[in-house]
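The chain contents come next:
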Amino acid sequence: MSEPISCIHFATPLKAKSKIIAIFSFRYEAHLVAALLENIRPFVHGYAYWDDRAAGPATGGEPNRRNHLNRAALAMGADWILGVDPDERFEDAMANKVPDLTQGHDNRVLWTFQLREMFTANDWRSDGVWGFKTQMRLYPASAAQQSVSRELHGPFVLITPDYSMRPSGINLYHLRHIEPLRGQHRRDTYAIADPERRYHAFGYDYLADRRAMNLTSIEPGRGFSPPHLDDGQLWAPELSPRDAPITPDPPAKTVEYIARSLASGGAVSSSIAAEDMARAGTGDADMLIVAAGHALLAHQSDRALALLAAPLALTRPPLPALLMAAEAFSMAGNHDAALAKMKTARLYAPDSDWLRREESRLSGPDQDFHGLGALWRNWIKGNATVLEGPRNGTGPLTAIVIGYKAQAGLPRAVQSIRDQDATVEIVVVNSGGGNAAGLLAQHLPHIRLFDIPERLFVGAARNIGIDASRARYVAFLAGDCVAQPSWVSGRVARHTAGAHMVSSAVRPDTPRSITSIVMQALYFRARDPLSPADRVIHFGRSYTRTFLQQAGYFSPGLRAAEDEHFNRRADRLARPVWAGDVICTHPAPGSIRELMSDIRRRAIRSAIHFRDEKDWINVRLNKARRDAADWIRHHGSLGRGRKFAAQLVLNLAIRQMEKGFNHAHQQFESAARLASIARRHRPANATTALRHVKAALAVSSQDVRLHLLHARVLAALNRHDAALAVCATARGISLTNVSVLREAAALARKTGGPIAALAMAEQSLLVSSTRHAPLLATAELARDADCFDLALCLAQRALVFAPNAPEVHEMLADLHQTAGDTTASQRRSRMAMDLRETADAMARLANT
C-alpha cells in the first residue's frame, strides 16, 4: 500500500467478541495521538492511522483518507469500525458499553455519539445548537464497503436506507475549542474552504461567537481519560494572507442559524444574531422584531424593551412592538404598564378576539375565577361548580391535581401536596361527575375545586388549572399519584435558578413487585430517579407561567399523549431541566392480569400517534422489547431470580402490546374503508356519505382527517354550524393543524364573510400562537378582511418562530409592498428566494 497508512493490533485481547478497529488521521495534531490511543485502548482491538505530515497534493482530501482507512480496517478483519480524530476523547464508560453496542445486533446499526464541544478542560458548551451536536462514529464493517466522496463535513461511510442510526448515549468530547484562537481559526478555515457555505446548513460564524456562551460541567462518572492539559497551540497551520478572503456567512445561512438556534433552546444566541442582521446596513425592521421576540423567549424582558425602544418611540408604534412590550412588562411584574400597552394595541384591531384574550391573560393576579367570563370557562361546554377555600396557599407554585369521576385516590393526592415543605396554591380539576366535594371535604378550606360534570380529557383539565391559578410556577399531579417530599421545593429551586421547565421522576408505589418492575421498564424507565440527566425522557414537567403564556395550551381533545404533543412545541422555545429528586409515585397493577389489561389498553390508545410511521407495529414492539429488557438486565437492585421472572412477564406484556397494536391497526383499516366509501358518495349522496363517516369516527375518534371529512360532508348538506362544531373538535385534537383551520375559516366565510373567517382563525391562536403556519394562515385572512395592522403583526410573529420559512418572507414582502415600503418588500423577497435556493442546494448535497 503506497498510502501513509499504518495498521496496529493491540497485543492484549479484549472481552468483546466483535472485533473493533479504530481509524484516524493526523497532521498538525500528531502530539495528541498518544493520549487518543490511551483513551480508546480499553475498547478497540487495534487501529489504522494515516500520518499526513508529509502529504502532498496528490494524496487527496478527507474522503480519500477515510476510504483508504476503512479498507485498511477491513483488511485487519474488523467487524466494527470506530472513526475518531486526535482532538477527541470518548467518555470512559465507552469501555463497558461497547459490547452491548456491537453484539446482538443485525449489523445494520450506525451508532451516534453526543458531541460535547469542550471550552475548558472540564466544561462543554451547551447553549443552542452546541448542546445538540451528534456524530456517527461506530459502524459495522458492511457499511464501509462503499466509498465516500463528500469533500467537507461528510460521514465516515455512505449512509443508505439499509442502515438505521441509533443514539449510543455515550459522550464524545471535542477539545479544539478550549483555546479561543483555535475556535476562530476553525471558523476561518471553513469559511475559506467553503466560501459559499455549500457544505453546511447554517454557516460557520457561530463557531467563533462566544457572546451567549453557556457552559456545563461534565457529570460525575461521565469523564474521559487521560485528563487533557491544554498546550494553547493552534493545532493547525497559520492562515496565510494569500488565502482566499474570509467572508461572513450569507444572510440566508444566518437566518437558518437563527432558526436552528431557537429550535434547540438557544433563544439568547438567536436574538443576538437577529439583532446583528437588524443593525447591519440600512437596517431590517422585521429582524429587529425577531430579535426582540427571541429575547422574550429567553425571558430577557429588559433586553426586549431595549430592542423595542426605537419602534415604540414612533408616532404610531407598530402593533407587534406594542404586544411584545406588553409581554415584557408582564414578565417583569409590571402589570399596569403591560395593560397600558395592550390597551393601545387593541386600538389597532378592536374586534380581534386574539388581542382581547391577550389582554385578559395579562391581567395576571387580578383575574376573577368565578365570573361567567373567566378564561377557564373556554374549555368547557356546560356548567361547573367552583369552591374557593379561604386558606388556600399563596406560595410560588400552583399544584394542579387532575381528577376523573372523583376517583378514590384523589384525597391522597391532595394530601401529598398539603404535606409538602412549602406553601402551595392547590387547584383540583375534577371532571366526569362523582362527589368530589364530599370526597375532599376535609381539604376544601385549602384548595380551589372545579367540579365539572362533563368528561374532559387531561389536556382540557390542565388548561383549566392554568387559567384558574395565579402562582409563578405551575405543576400537575394525576389524581391517582402521590407527590413525594420535596416535590414542590425541588421544582421551585430549579425554577428560581432560571429553569423554564422542570421535568421529574416517577416510580411505582410498590417498587419490588414484578408487575411494578415490568411497568417501570416499559413506560417509565427513562424517568427513574437515578437516570442520568442526558438519558431521561422529560415528562412530569412544571412550567413558569410566563413560559406557558408563550408556549400556549395543551390539546384539549387528545385522549392520550397531550403532554408529549405540548412538549414538542415547548422544546422549540426552551430546554427542560431534569430533577431526579422530584418524585411522584404511581399505582402499579396489583396482578399480572391487571398489568396485561392495562398494557393492551395503553397500546390501543397510543397507536393513533404513530400509525403513519413505516412498519410501525414491528418498530414499536422491537424498541419496547429491546429497551425494557435492557433496563431489567441492568437494574442494580434486582437479583438474578427477580430479573428472570421480570423478563418472563415482560415477554407476556409485549404480546399484549402486540395485540393492542393489532387491534388498533384493524380499527384504522376499518375506519379507512368506511372513509373511502364516504368520499365516493360525498359528491352525489352526502346523506350516505355522512352515515359512513360517522361509522368511521365511531371506530377511530381521534383521527383529525376523519373529522375534516365529516365537516366537508356536513357542509355539502348545508349544515354549516354542525360542520364548524366538528372543526372545533378537530382543532382540539390537533391545535396547529392548518388544514383544519382553513376548513373552518372557509365554512365561516360562507356564512359570515371575511370577518367571520378571521374570527374563526383567531380561535386557534387563542390556544397556540407559536407555529408559523397557523399564524400565516390567519394573517392571510386578516389581510382579506382589510385588517392590515393585524395581518402584518401576525406575519411578523410568524417570522419570530420560523425565520427560515420562505413563505413567511413572501407574505411579508406582499404586506410591505401594500404599505408602500418597497425596500422592505424587496429585502423579504430576496431572502425568500435565497432560502429556497439554499434549501434546494442542501437537498442535492444530501442525495450525493
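Here the structure is a predicted model, which means the values were calculated and not measured. (Residues numbered from 1 in each chain as written. Predicted model: local features only at pLDDT ≥ 70, side-chain atom pairs only at ≥ 80, totals over all residues. Heavy atoms only, no water.)

## Some details on helix α20 (residues 592–606)
An ideal rise of 1.5 Å per residue puts 21 Å on 15 residues; α20 measures up with 21 Å between its terminal C-alpha atoms. Regarding α20, the residues found buried are Leu-595, Met-596, Asp-598, Ile-599 and Ala-603. Across the axial projection of α20, the buried residues extend over an arc of 165°, all falling on one side. Next to the buried residues of α20 lie α17 (514–524) and α22 (640–681). (Helix = DSSP H or I, 4+ residues; strand = E, 2+ residues; numbered from the N terminus. Expected span 1.5 Å × (residues − 1). Buried < 20%, exposed > 50% of the residue type's maximum accessible area, 1.4 Å probe, protein only. Arc of directions from axis to C-beta. Contact = heavy atoms within 4.5 Å.)

## Things to note about the pairing of strand β15 (residues 473–478)
When you tally the buried positions in β15, you get 5 out of 6 residues, the bulk of the element. Of the pairings in the sheet, the one linking strand β12 (residues 397–404) to β15 comprises 6 bridges and is parallel in character. In the strand pairing of β15, Thr-398 is matched with Val-474. Pairing analysis gives 2 bridges linking β15 to strand β18 (residues 542–544), with the strands arranged antiparallel. In the strand pairing of β18, Tyr-473 is matched with Thr-544. (Pairing = 2+ DSSP bridges.)

## Some details on the packing of helix α25 (residues 720–733) against helix α26 (residues 738–767)
Relative orientation and spacing of two packed helices are given, respectively, by the angle between their axes and the distance between those axes. Packing of α25 against α26 leaves a shortest axis separation of 9 Å and a crossing angle of 15°. For the element pair α25 / α26, the angle class is roughly parallel. Considering the relative orientation of α25 and α26, their crossing is left-handed. In contact with His-720, Ala-723, Leu-724, Cys-727, Ala-730 and Arg-731 of α25, α26 contributes Val-740, Glu-743, Ala-744, Leu-747, Ala-748, Lys-750, Thr-751, Met-760, Gln-763 and Ser-764. Broken down by class, the residue content of the contact of α25 with α26 amounts to 9 nonpolar, 4 polar and 3 charged. (Axes fitted to C-alpha atoms, helices over the stretch in contact; angles between N-to-C directions. Parallel < 35°, antiparallel > 145°, perpendicular 65-115°, else oblique. Left-handed = near helix turned anticlockwise from the far one by under 90°. Nonpolar A, V, L, I, M, F, W, Y, C, P; charged D, E, K, R; others polar.)

## Describing the environment of Asp-85
Looking at the element boundaries, Asp-85 is found in the loop between β4 (80–83) and β5 (88–90). Residue classification places Asp-85 among the partly exposed positions, given a relative accessible area of 24%. Along the chain, Asp-85 and Val-290 lie 205 residues apart, while their C-alpha atoms are 38 Å from each other. Ignoring sequence-local partners within four residues, the contact set of Asp-85 consists of Leu-36 and Arg-137.

## Let's talk about the state of the cysteines
Overall, the coordinates contain 0 disulfides when judged by the stated rule. Unpaired in terms of disulfides, Cys-584 finds its nearest cysteine sulfur in Cys-481, a separation of 4.5 Å. The class of Cys-584 is buried, set by a relative accessible area of 11%. (Disulfide = S-S within 2.5 Å.)

## Quick notes on empty space enclosed by the protein
As enumerated under the stated definition, the model contains 2 cavities of 30 Å³ or more in all. Here the largest cavity defines a volume of roughly 500 Å³. Listing elements by their share of the lining of the largest cavity, those giving two or more residues are α7 (285–297), α10 (319–331), α12 (353–361), α15 (458–467), α18 (545–551), α26 and α28 (788–801). Tallied by class, the residues present in the lining of the largest cavity amount to 21 nonpolar, 10 polar and 7 charged. What the second largest cavity holds in volume is close to 40 Å³. What lines the second largest cavity is simply Glu-62, Pro-63, Arg-66, Val-148, Arg-150, Gly-154 and Pro-155. Looking at side-chain class alone, the lining of the second largest cavity contains 3 nonpolar, 1 polar and 3 charged residues. (1 Å grid on protein atoms, 1.4 Å probe; cavity = no way out; pocket = protein on both sides within 12 Å on 5 of 7 lines; lining within 4 Å. Points joined across faces, edges and corners; volume = space filled by probe spheres on them.)

## Quick word on the sheet that holds strand β2 (residues 20–26)
Strand order across the open sheet formed by 8 strands is β1-β3-β2-β4-β8-β6-β9-β5, with mixed pairing between neighbours. Since the sheet does not close on itself, it has two edges, and those belong to β1 (5–9) and β5, each with one partner. Strand-to-strand twist across the sheet, computed as the mean angle between neighbouring axes with direction ignored, equals 30°. Relative to strand β3 (residues 46–51), β1 runs antiparallel, the two being bridged by 5 bridges. Within β3, the position partnered with Ile-5 by the bridge is Trp-50.

## Remarks on α7
For an α-helix, 3.6 residues make a turn, and residues three or four places apart therefore share a direction. Between its first and last C-alpha atoms α7 spans 19 Å; for 13 residues at 1.5 Å apiece the expected length is 18 Å, and the two agree. Of all 13 residues making up α7, 12 are buried, and the element is well covered by its neighbours. Listing the buried residues of α7 in full gives Asp-286, Met-287, Leu-288, Ile-289, Val-290, Ala-291, Ala-292, Gly-293, His-294, Ala-295, Leu-296 and Leu-297. You can read the cap of α7 off the contacts: a side-chain oxygen lies 3.2 Å from the backbone nitrogen of Asp-286, and it is on Asp-284. Directly beyond the C-terminal end of α7, a positive phi value near 60° is found at His-299. (Polar contact = N/O pair within 3.5 Å; in protein donor to acceptor, adjacent residues only side chain to side chain.)

## Re the nonpolar core
Trp-354, Trp-376 and Ile-464 are the most contacted members of the largest nonpolar core, which has 120 residues in total. Within the second largest apolar cluster, 60 residues are counted, among which are Val-401, Ile-426, Ala-436 and Trp-631. (Core = buried A, V, L, I, M, F, W, Y, C linked by side-chain atoms within 4.5 Å.)

## A closer look at the packing of helix α24 (residues 704–716) against α26
Orientation of α24 relative to α26, taken along the N-to-C sense of each, is 15°, at an axis distance of 11 Å. Relative to α26, the element α24 is oriented roughly parallel. Viewed along their axes, α24 and α26 form a crossing whose handedness is left-handed. Contacts between α24 and α26 involve Val-704, Leu-708, Arg-712 and Ala-715 from the first element and Ser-739, Val-740, Glu-743 and Leu-747 from the second. Broken down by class, the residue content of the contact of α24 with α26 amounts to 5 nonpolar, 1 polar and 2 charged.

## Details of the pattern of salt bridges
Under the definition given, this model contains 51 salt bridges. Measuring nitrogen to oxygen at the nearest pair gives 3.4 Å for the salt bridge that ties Lys-343 to Glu-359. Here the residue Lys-343 occupies a position in helix α11 (residues 335–346), and Glu-359 occupies one in helix α12, the gap between them amounting to 16 residues. Here Arg-448 ties to Glu-388 by a salt bridge, and the two come within 2.8 Å at their closest N and O atoms. Of this pair, Arg-448 sits in strand β14 (residues 448–452) while Glu-388 sits in strand β11 (residues 385–388), and the two are 60 residues apart along the sequence. Three or more residues are tied together by salt bridges with common partners; here these are Arg-187, Asp-188, Arg-197, Asp-205 and Asp-249. (Salt bridge = Lys/Arg side-chain N within 4 Å of Asp/Glu carboxyl O.)

## Re the confidence of the model for the protein
Put simply, the protein has an average pLDDT of 92, and 97% of its residues get 70 or more. Taking the mean pLDDT of every element in the protein, the minimum, 85, falls on α12 and the maximum, 98, on β5. (pLDDT = per-residue confidence, 0-100.)

## Some remarks on the pairing of β14
Judged by how many residues are buried, β14 sits mostly within the fold: 5 of 5 residues are covered. Because side chains alternate across β14, one face comprises the buried residues Arg-448, Phe-450 and Ile-452, and the other comprises Leu-449 and Asp-451, equally buried.

## Considerations on unusual backbone geometry
Note that the residue after Ser-225, namely Pro-226, is joined by a cis bond; omega there is -5°. A positive phi angle is found at Trp-235, which is not glycine, with a value near 60°. Inspection of the secondary structure puts Trp-235 in the loop between β10 (215–217) and α5 (251–263). A relative accessible area of 4% means that Trp-235 is categorised as buried.

## Notes on the sheet that holds strand β13 (residues 425–431)
Read from one edge to the other, the open sheet built from 9 strands follows the order β11-β14-β13-β12-β15-β18-β17-β19-β16, with strand pairing classed as mixed. Two strands close off the open sheet at either side, each with one partner strand: β11 and β16 (482–483). In this structure, strand β17 (residues 501–508) lies alongside strand β19 (residues 576–586), joined through 8 bridges in parallel fashion. Within β19, the position partnered with Met-501 by the bridge is Pro-576. Lying on the sheet, helix α16 (residues 489–496) is in contact with β12, β15, β17, β18 and β19; it crosses β19 at an angle near 170°.

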